[in-house]
Number of protein chains: 2
Amino acid sequence: MQNIIKINFIIFFLFFGANVVAQQHPSLMLTKVNIVAIRKGCDSLPILKTSYLALKADADEALSTTINVPKPVDGGGGYTHEQHKRNYTSLLNCATVYQITSEKKYADYVKTMLLDYAGKYQNWPNHPKSKSLDDAGKIFWQSLNDYVWQIYAIQAYDLVYDTLNKTERDKIENELFIPILKFFTEDRKVVFDKIHNHGTWNLAAVGITGYVLNKPVYVKKAIYGSNLDGKTGYLAQINKLFSPDGYYMEGPYYQRYALLPFILFAKAIQNYQPELNIFKYRDELLAKAIHTSLQTTYTNKVFFPINDAIRDKTFESIELVYGSNLAYADIKPDADLLDIVQQQNKVIISDAGLKVALAIAQNKAVPFNYQTLWIKDGAKGDEGGIGVLRFGQNIDQQCLVLKASSQGMGHGHFDRLNLLFYDNGTEHFYDYGSARFLNIDTKGGGNYLPENQTWAKQTVAHNTLVVDQTSQYQAQLSLAESNHPTLLYFNNTPKLKVVSAKEDHAYENISLIRTSALLKIDETEKPLLIDVFKVIADKPHQYDLPFWYQGKIVNTSEKIIAQRNNLTALGTDFGYQHLWLNADKKLSSASGFISVLNKNRFYTTHFTSNQPLKIKLVSIGANDPDLNLAEGKAFILSQSDFKNQTFISVTDTHGNTNPVKETVTDASSIITDLKLVEDSITQTTISFKAKDKLYIYQINYQNKNNYINIR
Amino acid sequence: MQNIIKINFIIFFLFFGANVVAQQHPSLMLTKVNIVAIRKGCDSLPILKTSYLALKADADEALSTTINVPKPVDGGGGYTHEQHKRNYTSLLNCATVYQITSEKKYADYVKTMLLDYAGKYQNWPNHPKSKSLDDAGKIFWQSLNDYVWQIYAIQAYDLVYDTLNKTERDKIENELFIPILKFFTEDRKVVFDKIHNHGTWNLAAVGITGYVLNKPVYVKKAIYGSNLDGKTGYLAQINKLFSPDGYYMEGPYYQRYALLPFILFAKAIQNYQPELNIFKYRDELLAKAIHTSLQTTYTNKVFFPINDAIRDKTFESIELVYGSNLAYADIKPDADLLDIVQQQNKVIISDAGLKVALAIAQNKAVPFNYQTLWIKDGAKGDEGGIGVLRFGQNIDQQCLVLKASSQGMGHGHFDRLNLLFYDNGTEHFYDYGSARFLNIDTKGGGNYLPENQTWAKQTVAHNTLVVDQTSQYQAQLSLAESNHPTLLYFNNTPKLKVVSAKEDHAYENISLIRTSALLKIDETEKPLLIDVFKVIADKPHQYDLPFWYQGKIVNTSEKIIAQRNNLTALGTDFGYQHLWLNADKKLSSASGFISVLNKNRFYTTHFTSNQPLKIKLVSIGANDPDLNLAEGKAFILSQSDFKNQTFISVTDTHGNTNPVKETVTDASSIITDLKLVEDSITQTTISFKAKDKLYIYQINYQNKNNYINIR
């Protein structure tokens with residue numbers, strides 16, 4: 001067996017490295033020169049084989065049903081919407097299987113369907129369910145989906161091109177693809193030139209179609225913008241939408257989505273115009289974007305759900321399958337990308353997929369290198385960023401995320417200095433994500449729900465400070481977009497990982513500084529999460545610092561009595577109208593703790609402040625007549641008597657329960673005596689004991705050489 | 001490799017089948033005659049090897065710490081409690097590893113610890129944290145844990161017996177085990193003779209100790225009761241605690257727990273007194289008990305959490321590891337038990353574990369045979385039972401459970417005709433289980449919480465009918481124990497599985513009949529759950545039929561508006577005081593539906609009744625000052641105007657969402673036009689359409705030959 005694989009490797013390598021001949025078909029993800037090698041690979045390389053068999057099963061299922069190209073009438077999740085989505089997937093699946101099997105029936109399916117679309121497309125008006133005429137598609141309710149459709153369809157066309165006669169090609173090109181190109185570049189010119197992911201999808205569809213149809217004018221427009229001046233177009237999008245670290249301002253969920261047109265078009269450019277060196281562009285920006293996308297996931301594969309995000313989106317998503325394959329095959333063969341591919345358990349049936357599958361068969365994979373890093377935001381890298389602190393092996397990693405990035409356009413949340421905390425393969429302090437039931441027609445057409453605005457975007461829905469029960473920037477996008485947080489300090493050493501950032505504009509005359517750290521001490525098995533949130537204001541305010549947690553409270557330092565028989569909303573606006581106030585407790589001591597059992601592990605959050613705090617226990621659900629909100633619970637550290645206030649918390653991860661064995665270990669935290677020793681504009685000093693050892697943890701806000709001092 | 005294993009198999013078999021010589025040590029789970037074969041197996045048979053290595057790691061960890069036998073002071077989950085639990089585990093682990101390795105250090109550890117206990121035991125008073133003097137242990141707060149301790153300790157003693165000199169044996173026996181025997185049989189005589197799982201643990205500890213110490217008088221008492229008259233003791237427990245089907249009246253959670261002393265003692269009896277044929281006793285009752293225990297789990301390994309139950313208890317639990325091993329090795333080698341062992345991923349280092357590991361290495365395992373069955377309850381099998389309906393392969397099985405069993409003593413819930421529904425590897429309509437944070441000291445000492453009585457046991461906490469907001473039998477145990485439901489009909493055919501039962505005594509002058517079925521029709525991929533709950537009364541009442549569901553409501557037939565800003569408890573007693581009333585909707589139509597998205601699959605429950613229903617949406621949490629309750633949501637079908645009322649529901653499993661692929665299929669149920677056509681004392685007839693096909697479903701309550709008629 002080992003020998004057989006070795007022989008195959010040699011055969012495969014012979015076929016690599018050849019340049020694509022322009023106007024040869026296919027010439028995109030899958031190129032003519034590598035077809036024979038890919039066919040072999042689909043038969044012998046495990047991950048390529050299973051991926052191919054899954055694809056072929058889908059293609060065969062498509063073939064078993066009647067081709068159905070309905071007149072577009074439904075919104076997201078509705079019948080025609082889902083049918084046209086299925087159609088573009090079936091087109092690409094069947095076209096790919098045709099290349100592997102050479103069986104004409106698959107090519108015929110593609111031909112018939114494209115001809116069907118060609119016969120109907122020009123009769124379709126703007127979609128009746130569109131929300132605005134500027135953004136209406138023809139096949140879908142929003143033009144975005146039309147762009148996606150075309151990216152799939154043009155690849156399918158490229159794959160079956162050689163099986164079509166001139167009459168067929170003429171009909172498909174003149175009655176479908178050329179009208180589409182016109183629709184995208186003329187009717188949707190504003191989108192085409194917009195620096196935004198919708199624009200990227202539009203121009204990538206146009207550019208790739210331009211290559212396949214040999215219409216260089218469209219390619220040029222796609223790369224350099226409508227006016228060919230580089231102010232818009234693909235290169236401008238790369239320049240403006242990503243930070244120098246490859247971070248996309250809308251956040252990980254949309255970064256993933258935005259990536260696909262970027263990398264598909266890049267691959268087309270690389271094949272047709274290798275002289276543009278597109279993968280090297282802007283210091284290998286596309287490679288960075290793929291890697292950064294992966295670095296904004298936790299070890300459970302899920303993207304950090306900051307800003308508008310579907311909370312269960314993972315890097316198994318097709319965009320990142322393309323991303324990992326192309327990053328490894330076309331940009332730089334980092335062996336840890338193969339770990340990602342193995343977890344995706346799938347490759348693209350393509351030149352890149354072959355290369356990746358070969359490397360995996362050669363056992364080249366190493367564990368993905370999750371990093372502790374500061375990811376800069378802003379086109380120039382000077383608009384804040386995301387701090388990611390990690391500790392431990394991938395198998396049981398602790399991860400802290402501090403969101404100190406720019407607003408992220410319309411999908412941004414008002415959550416500067418929001419903190420997420422992961423451990424044990426799960427969320428502990430988490431982000432709600434967006435209020436949306438994706439593609440479920442009965443829930444607001446599958447779009448963002450009204451509660452996305454009234455709840456999910458509001459500050460109190462996040463683990464960051466709320467002043468006077470009002471959201472940052474009063475939840476006004478234009479105000480929020482004009483400012484960004486600032487990184488004060490970042491450091492990564494084996495036992496201490498720290499990120500410190502400030503936000504001066506979210507509230508008038510108030511400065512917010514959050515310094516969050518993972519500190520490993522000898523007395524605990526896992527690092528402590530030490531979080532210091534400092535507020536400096538010109539007058540007293542009501543301060544609320546929520547911690548949205550997963551799990552169940554099992555212990556508190558002082559008895560907290562929950563509301564028995566009358567729940568009311570905590571407020572009337574800025575998300576507070578959606579909070580049930582379950583308990584409201586004025587602590588008698590300067591410090592306290594709350595212990596939570598989450599996925600059979602204990603997390604005790606010790607807290608203190610300048611004066612005894614109020615603890616509010618809240619849950620989501622008030623003023624939600626349509627049951628649009630998900631469940632959720634938080635404890636809020638609250639204080640209303642002071643101008644300046646510093647909220648200290650130390651979260652200790654300890655012990656576990658094993659319900660199968662019925663054992664409990666270390667149910668109590670060994671951290672005690674948490675104190676705020678000193679607090680000024682320049683310095684915060686806290687102390688705590690771990691068993692009997694005293695720790696002093698000092699932040700020097702104005703001394704970057706000694707920012708954190710521990711003794 | 002294949003050859004090597006084959007050779008080993010022959011060697012192994014040579015060592016099997018020999019009878020134990022009494023008073024040879026060891027002679028319990030692991031017998032002297034098989035030691036050599038087991039040592040080989042620990043080296044070569046995969047599952048035995050990994051099990052042994054895990055055990056050895058635990059033993060080595062024990063050896064690395066100082067022996068610690070603290071004076072017992074803490075309750076469940078507390079320090080001394082957990083330490084003594086660790087001690088008994090370490091005793092058995094180290095003693096077992098001694099037998100495999102012959103390394104003296106492991107035997108010495110056991111010796112030292114037992115001598116330590118022997119030096120202290122007699123000075124310990126009844127445990128200070130005991131809840132009643134009748135039930136106090138010496139080592140633990142309740143004597144139950146002392147019995148468990150002894151069962152582990154005596155096995156450990158047996159395993160290291162040959163390494164001890166006479167002085168050591170005398171000290172351990174005279175100062176520890178004999179006093180323990182006296183404590184169990186004299187001070188705890190009431191428990192010893194009680195027909196109850198605490199009694200089983202007590203007498204099994206006594207009996208096994210009697211064998212090992214060669215004290216036949218204790219063995220006889222254990223088997224035949226204190227008076228040696230067979231009215232109490234082990235055989236009486238087998239006779240009275242189990243039904244002829246091997247069902248244990250307290251329910252699956254306690255059945256699992258109760259099993260261990262039964263089967264450990266049985267194994268000892270089999271080894272020492274094979275002439276008693278204990279495994280054949282009462283028509284192989286112990287084998288049935290093990291199999292029935294496994295049949296009361298779902299394919300996610302979790303026990304049906306009826307009555308007092310920890311909801312995440314699985315058959316990976318050590319009792320069932322013993323159970324599956326002994327059932328296969330000592331009773332009947334059913335190949336599907338090997339599937340269970342593989343899922344447990346562990347065997348006992350024992351004669352039985354060797355046999356099972358060998359069979360697995362020989363690839364004898366077949367998928368566990370989950371059955372559709374009626375499990376009789378009651379010592380004579382005439383006190384109701386549990387109906388279990390299953391459909392589909394283990395990989396994606398649908399399962400319906402109808403609880404129509406007897407009360408189950410103090411751990412029983414007031415939930416006659418409770419219905420559970422599973423699909424897609426998860427719960428859909430579920431049972432709350434018990435209100436308890438097992439072993440978490442800060443939550444009521446880890447014991448049952450007050451809310452177990454005020455909430456978890458109450459009828460409304462279950463998926464069964466509540467009359468006049470009052471629990472069945474007014475939640476009085478004595479009343480409930482004197483009656484049981486009756487099976488009316490049970491049938492299992494490929495496309496229709498039905499269970500029908502009635503309960504006439506839960507409410508005065510009210511008869512309850514529930515007929516639940518899984519019906520597979522051609523139009524749907526999965527069976528429909530058809531549930532008909534008939535109430536016959538002498539005057540009008542308030543009827544509430546809750547469906548406690550997992551997931552999120554995504555659609556309703558009529559708009560339901562949830563409470564915006566003032567939640568109040570639905571009632572004042574019988575669990576209603578713990579329900580927040582989120583919505584209360586009087587339907588305008590005779591039928592309606594609620595669609596729930598649960599783990600990416602849709603479940604639409606269509607319902608109708610004699611007159612338009614009220615729908616109440618409720619959630620758990622009112623009057624819970626200590627935050628003892630878990631979250632939960634139900635929709636309640638409600639009606640208050642009639643004497644006789646029949647609640648019909650048809651739950652259709654359909655479609656799915658894929659958040660990674662962002663696809664949605666079949667979000668709407670194809671079932672429509674649900675109607676109650678005719679309803680009388682003798683007959684209920686409903687109709688519905690599946691796409692365009694009309695189905696008539698008729699129940700003939702008095703005709704067992706045509707109980708369900710479908711056309």
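Heads up: the structure comes first, above all this text.
To start, this report covers the structure provided alongside it. (Residues numbered from 1 in each chain as written. Chains lettered and ligands numbered in written order. Predicted model: local features only at pLDDT ≥ 70, side-chain atom pairs only at ≥ 80, totals over all residues. Heavy atoms only, no water.)

A short note on the relation of the copies chain B and chain A
1) Next: In screw terms, the move from chain B to chain A is a rotation of 180° and a rise of 0.0 Å along the axis, fitting with an RMSD of 0.1 Å. On this basis, the relationship between the two copies can be described by a two-fold rotation axis. Rotation axis and chain B: the residue whose C-alpha lies nearest the axis is B:L567, separated from it by 2.4 Å.
2) Next: Interface overlap between copies is the fraction of interface residues in one copy that are interface residues in the other; for chain B against chain A it reaches 100%, indicating a shared surface. (Least-squares fit on C-alpha atoms with pLDDT ≥ 70 in both. Contact = heavy atoms within 4.5 Å.)

Topic: the sheet that holds strand β20 (residues 671-679) of chain B
All names here are of chain B.
1) Next: Taken together, 4 strands build an open sheet; the order of strands is β20-β21-β22-β23 and the sheet is antiparallel. The sheet terminates laterally at β20 and β23 (708-710), the two strands that pair on one side only. With strand direction ignored, the average angle separating the axes of adjacent strands in the sheet is 15°.
2) Next: With 3 bridges joining them, strand β22 (residues 693-700) and β23 adopt antiparallel strand pairing. Along β23, the bridge assignment pairs Y697 with I710. (Pairing = 2+ DSSP bridges. Helix = DSSP H or I, 4+ residues; strand = E, 2+ residues; numbered from the N terminus. Axes fitted to C-alpha atoms, helices over the stretch in contact; angles between N-to-C directions.)

Re the packing of aromatic side chains
All names here are of chain B.
1) Next: Scanning the model with the defined rule gives 60 aromatic pairs over all chains in all.
2) Next: Ring geometry for F242 against F262: centres 5.0 Å apart, planes inclined by 75°, an arrangement best described as edge-to-face. Of this pair, F242 sits in the loop between α11 (234-241) and α12 (252-272) while F262 is found in helix α12, placing the two residues 20 residues apart along the sequence.
3) Next: A residue is classified by how much of its surface remains accessible, and F242, at 0% relative accessible area, is buried.
4) Next: According to the relative accessible area criterion, F262 is buried, its value standing at 0%.
5) Next: Positioned above the aromatic ring of Y253 is the side chain of R256, whose terminal nitrogen or guanidinium carbon lies 4.4 Å from the ring centre.
6) Next: A cation over an aromatic ring shows up here: R436 above the ring of Y448, its NZ or CZ 4.5 Å from the ring centre. (Phe/Tyr/Trp six-rings, centres within 6.5 Å; stacked < 30°, edge-to-face > 60°. Buried < 20%, exposed > 50% of the residue type's maximum accessible area, 1.4 Å probe, protein only. Lys NZ or Arg CZ within 6 Å of the ring centre and 35° of its normal.)

Focus on the pairing of strand β16 (residues 614-620) of chain A
On any regular strand, side chains alternate: one points to one face of the sheet, the next to the other face.
Residues and elements named next belong to chain A.
1) Next: With 6 of 7 residues buried, β16 lies mostly within the body of the structure.
2) Next: Two elements, strand β13 (residues 579-586) and β16, share 7 bridges in a ladder whose sense is antiparallel. By the bridge assignment for β16, W580 is matched with S619.
3) Next: Two elements, β16 and strand β17 (residues 633-639), share 6 bridges in a ladder whose sense is antiparallel. Across the sheet, the residue bridging to V618 is A634, located in β17.

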